[in-house]
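Okay, here's what each chain looks like letter by letter:
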Amino acid sequence: MRYLLRRTRHAVFLLFGASLLTFLFSALTPGSYFDEMRLNPQIAPETIAALRAQYQLDRPLPVRYLHWLNAVAHGKLGFSFAYNSPVAPLLWVRAQNTLLLTVTATLLAWALALPLGVWSAARFGGPPDRVLSWTTAALLVVPDLVLALGLLILAVRTGWFPTGGMVSVGFEELSPLQKFRDLALHMALPVFALVLAALPMLVRHVRASVAEVLNAAFLRAARSHGIPHAKLIFGYALRAAANPLISLFGFSLGTLLSGSLLVEVVMSWPGLGPLLLEAILARDLYVVIGGVLLSMIFLVAGNLFADVLLYWADPRIRSTASTE
Amino acid sequence: MKLRGKFTKWFVFLVLLHCVVAGAGFFAPYNPAEQDRQRPYLPPMRIHCMDAQGDLHLRPFFYPLRLREGSFEQFEEDTGTAVPLYFFTRGADYHLFGIVPSRLHLFGAAGARIYVLGSDAYGRDQLSRILFGGQVSLLAGLLGAGVTMLLGAVIGLAAGYYGGWRDDLLMRVAELFLALPWLYLLFALRAFLPLSVGPLEAFLLVVVAIGLVGWARPARLVRGVVLTVKERDFVRAARGFGASDIYLLRRHILPETASVLLTQAAILVPQFVLAEMTLSFLGLGVPEPMSSWGNLLATLQQYSVLVSYWWMYLPALAIVPFFLGYLGLASALQERFDTYKISEKSGWSRT
């Protein structure tokens, strides 16, 4: 239990740090956003005055940070000038779409990487291993931007997948099954791009850590006891190799979140990516701050989940944690 | 010996690639800004050695493109007029490596413009723009990596050498930077930097933004090296003779971190070139009329371009050989410095 407590403390620290960082970024901006707002005839002077009061712009930095933190803790992420509405609900709608994409891609990428990596490790140096190594190496040198654009061009020219957006026109009238199919078709391309971008790294790590475990003495002993090959690999080796892989899970989540940002813009998926980009171009700064914070929350939640998973999967963690 | 060969191979490959981009003026047939409004979105032209009558020519040539009868976008070769290609010919003025004025080009044609990789919306030569754009993208990546390595080295040295609360604080911040998704971080940083600035300022902003994002990993690795090195006998001996901190760091500790720094640099440079591409692609980086690999791709955001003009995608492929080269170099360096190893023998195969 102490292990989980420590990890939770770590997560809280990360969130706290991220909030401080985003706040500092915003405080470092030359001038105040409200200077630019004054030039905008659509924003009433009262709104600006209210915002200035809300964010205590005339107070010293630490005080402002505490107030800002307080506002954030109450779900007040600020006000979007471009959309003329509070940031939190705006972000939340988009964040759901981003999560849909990222979670699907993460699950799919791992579901593919685990068997492929294990298979490759079990035949270390053999022809299938070599073919897979070459494939992952080839995928590794194609960056995600290049991959996403290439897939998009392919889709546009062949017409195999719908491009752009999340649903077709007239989505509301479809039956639930058709709705699911429509959504899945729209998701296919961005998810495919994300999975392909994440896959080579994951497969290589799975292969490396499983190969290392397969060489261990306890597995040779188990094998000489006549335990079937499949059980040996999936029951023993994979579990023993889980530790670095679960740590990798948190890392892969971060990469996928970044990748998703880009893929969303390229394929015009209505997630956080296009929103953040618009916000930067329109200097809609509270949306940017909110988006970064939100991504951090996802990441920390994912890491915490990985820690729980690790605690469950690896008895070594439990024993070292309890003797500490 | 074998490792050395591998390293040399990748290194030479990369040097050649960089030379092509650095000498863009020579390899590109035209000035990248030169427009030809009469010829927007021409598809890539074919270079022939055999003409329409089936006769073989020693000098390669091409046929200018013209619109197909009754079409607005289909082009066909005008087989009536063959335009010969000349090599090492005189063309537009440029400065080789930014210094030496020259007019010599690898190839060129008289009478009609040759578009080996097609033309863009203003009839500018795509090949020339890719080559010159590479200068911007690669320079941004290299400078960004330089900033990052400097930051990483200084922070890593300070944290590892002085230890205590400084170490704790710096490493906590590093952890934070490692945990944040890099593109979000880059977005956040870019959002608070001025938006509409001149091309040169925009370029420097991009370099700074990229350089500030990635320092955490090198800093942690450098710190790890420093922690072991500072307890080594030669360092303790030097300290016993009264060497100052700065002297120790510079003379004895920094050289020991060279392997880590080099490997990290080889990993980071392509990442940072990609970061520049991403920023410019999204319109947050280097603006027109300067070309970079990222803003060349930005036209693909228009649906019509995406559907009809596939050759506008070619700038994206330019980065692939660089990725290959740097990845190869990084893994050769890693093997050489033994920081990472899975030996071929450690695997276990079913018998």
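Residue numbering note: each chain is counted from 1, following its sequence as written. Whichever chain is written first is A, and whichever ligand is written first is 1; the rest continue in order. Local features in this predicted model are restricted to residues of pLDDT 70 or higher, and side-chain atom pairs are both shown and tallied only at a pLDDT of 80 or more, whereas totals for entire chains, interfaces and linings draw on every residue.

What to know about the overall build of chain A
Elements are defined by DSSP. Helices are runs of H or I of four residues or more, strands are runs of E of two residues or more, and each kind is numbered from the N terminus. A tally of helices and strands in chain A yields 14 helices and two strands. With C-beta atoms placed from the backbone, a residue is buried if 20 or more other C-beta atoms are within 10 Å of its own, exposed if 12 or fewer are, and partly exposed between those counts. In chain A, which comprises 324 residues, the proportion classed as buried is 37%.

Description of the overall build of chain B
A count of helices and strands for chain B gives 14 helices and six strands. Overall, the C-alpha framework of chain B stretches about 85 × 55 × 50 Å when taken along its three principal axes.

Side note on the domain arrangement of chain B
By a widespread convention, an interface's size corresponds to the accessible area lost as its parts come together. As annotated, the domain borders come from an automatic or database domain assignment. Each assigned domain of chain B is listed here: domain 1 (45–114) and domain 2 (130–344). Taking only C-alpha atoms, the centre of domain 1 of chain B and the centre of domain 2 of chain B are 40 Å apart.

Things to note about the confidence of the model for chain A
The quantity known as pLDDT measures the predictor's confidence residue by residue, on a range of 0 to 100. With 90% of its residues at a pLDDT of 70 or more, chain A shows a mean pLDDT of 79. Put simply, helix 14 (residues 315–323) of chain A is where chain A has its lowest mean pLDDT, 62, and helix 5 (residues 87–122) of chain A is where it has its highest, 87.

With respect to the interface of chain B and chain A
On the chain A side, the residues contacting the 41 residues of chain B number 48 residues. Only helix 4 (164–179), helix 5 (182–191), helix 10 (258–281), helix 12 (303–308), helix 13 (314–317) and helix 14 (319–337) of chain B provide two or more residues apiece to the side of chain B that touches chain A. Broken down by element, the side of chain B that touches chain A gets its largest block of residues, eight residues, from helix 5 of chain B. Whether two residues are in contact depends on their C-beta atoms, placed from the backbone: they are in contact if these lie within 7 Å.

Quick word on the environment of R6(A)
Residue and element names in this part refer to chain A. When you line up the elements, R6 lands in helix 1 (residues 2–28). Residue R6 is classed as partly exposed on the basis of its 13 C-beta neighbours within 10 Å. On a C-alpha basis, the gap between R6 and V103 in space is 26 Å, while along the polypeptide they are 97 residues apart.

So, the pairing of strand 5 (residues 83–96) of chain B
All names here are of chain B. A pair of strands is treated as paired once DSSP finds two or more bridges between them. Sheet topology note: the strand 2 (residues 56–62)/strand 5 ladder contains two bridges and is antiparallel. If you follow F62 over to strand 5, its bridge partner there is V83. Where strand 5 and strand 6 (residues 100–109) come together, eight bridges link them in antiparallel fashion. Bridging from a neighbouring strand, Y94 pairs with S102 of strand 6. If you look at the hairpin formed by strand 5 and strand 6, you'll find three residues sitting between the two strands, and F97 has a positive phi there, around 55°.

A short note on the confidence of the model for chain B
Looking at chain B as a whole, the pLDDT averages 81, with 94% of positions reaching at least 70. Note on residues 339–351 of chain B: pLDDT under 50 across the span, and 23 contacts to partners over four residues away in sequence or across chains.

A look at the packing of helix 10 of chain B against helix 14 of chain B
Residue and element names in this part refer to chain B. To get an axis, fit a line to the C-alpha atoms, keeping to the stretch in contact for a helix; angles then go from 0 to 180 degrees between the N-to-C directions. Here helix 10 crosses helix 14 at 165°, and the two axes come no closer than 8 Å. Of the possible angle classes, the one that applies to helix 10 and helix 14 is roughly antiparallel. For the element pair helix 10 and helix 14, the recorded crossing hand is left-handed. Here S259, L262, T263, A266, I267, V269, P270, V273, L274 and M277 of helix 10 come into contact with helix 14, specifically with I319, F322, F323, Y326, L329, A330, L333, Q334 and F337. Nonpolar residues are Ala, Val, Leu, Ile, Met, Phe, Trp, Tyr, Cys and Pro. Charged residues are Asp, Glu, Lys and Arg, and all others, Gly as well, are polar. Considering only residue class, the contact of helix 10 with helix 14 consists of 16 nonpolar, three polar and no charged. Any angle that is under 35 degrees is reported as roughly parallel, and any over 145 degrees as roughly antiparallel; angles of 65 to 115 degrees are reported as roughly perpendicular and all others as oblique. Crossing handedness is read from the near helix: turned anticlockwise from the far helix by less than a right angle, it gives a left-handed crossing, and turned clockwise, a right-handed one.

Considerations on the sheet that holds strand 6 of chain B
Residue and element names in this part refer to chain B. Ordered in space as 1-2-5-6, the four strands form an open sheet in which the pairing is antiparallel. If you trace the sheet from one side to the other, it starts and ends with strand 1 (47–50) and strand 6, each paired once. Each neighbouring strand pair of the sheet contributes to a mean axis angle of 30°, computed without reference to strand direction.

Observations concerning unusual backbone geometry
You will see that S268(A), though not glycine, has its phi angle at about 40°, which is positive. Relative to the elements of secondary structure, S268(A) occurs in the loop between helix 11 (242–266) and helix 12 (272–281). Note on S268(A): 17 C-beta atoms within 10 Å, which makes it partly exposed. At F88(B), a residue that is not glycine, the phi angle is positive and equals roughly 50°. Mapped onto the elements of the fold, F88(B) is located in strand 5.

Details of the nonpolar core
For our purposes the nonpolar core covers buried Ala, Val, Leu, Ile, Met, Phe, Trp, Tyr and Cys residues that link as a set through C-beta atoms within 7 Å. Membership of the largest hydrophobic core comes to 171 residues, with the highest contact counts inside it found for A148(A), L149(A), L194(A), V210(A), V288(A) and V206(B). Among the elements that make up this core, the one with the highest residue count is helix 8 (residues 176–214) of chain A (17 residues). Those residues in contact with L194(A) that sit more than four places away from it in its chain are L101(A), A105(A), L256(A), G259(A), S260(A) and V263(A).

Quick look at the environment of A18(A)
Here A18(A) is to be found in helix 1. Judged by local crowding, A18(A) falls into the buried class, with 24 C-beta atoms found within 10 Å. Discounting residues that sit within four places of it in the chain, A18(A) has contacts with L293(A), M296(A), L176(B) and L180(B).

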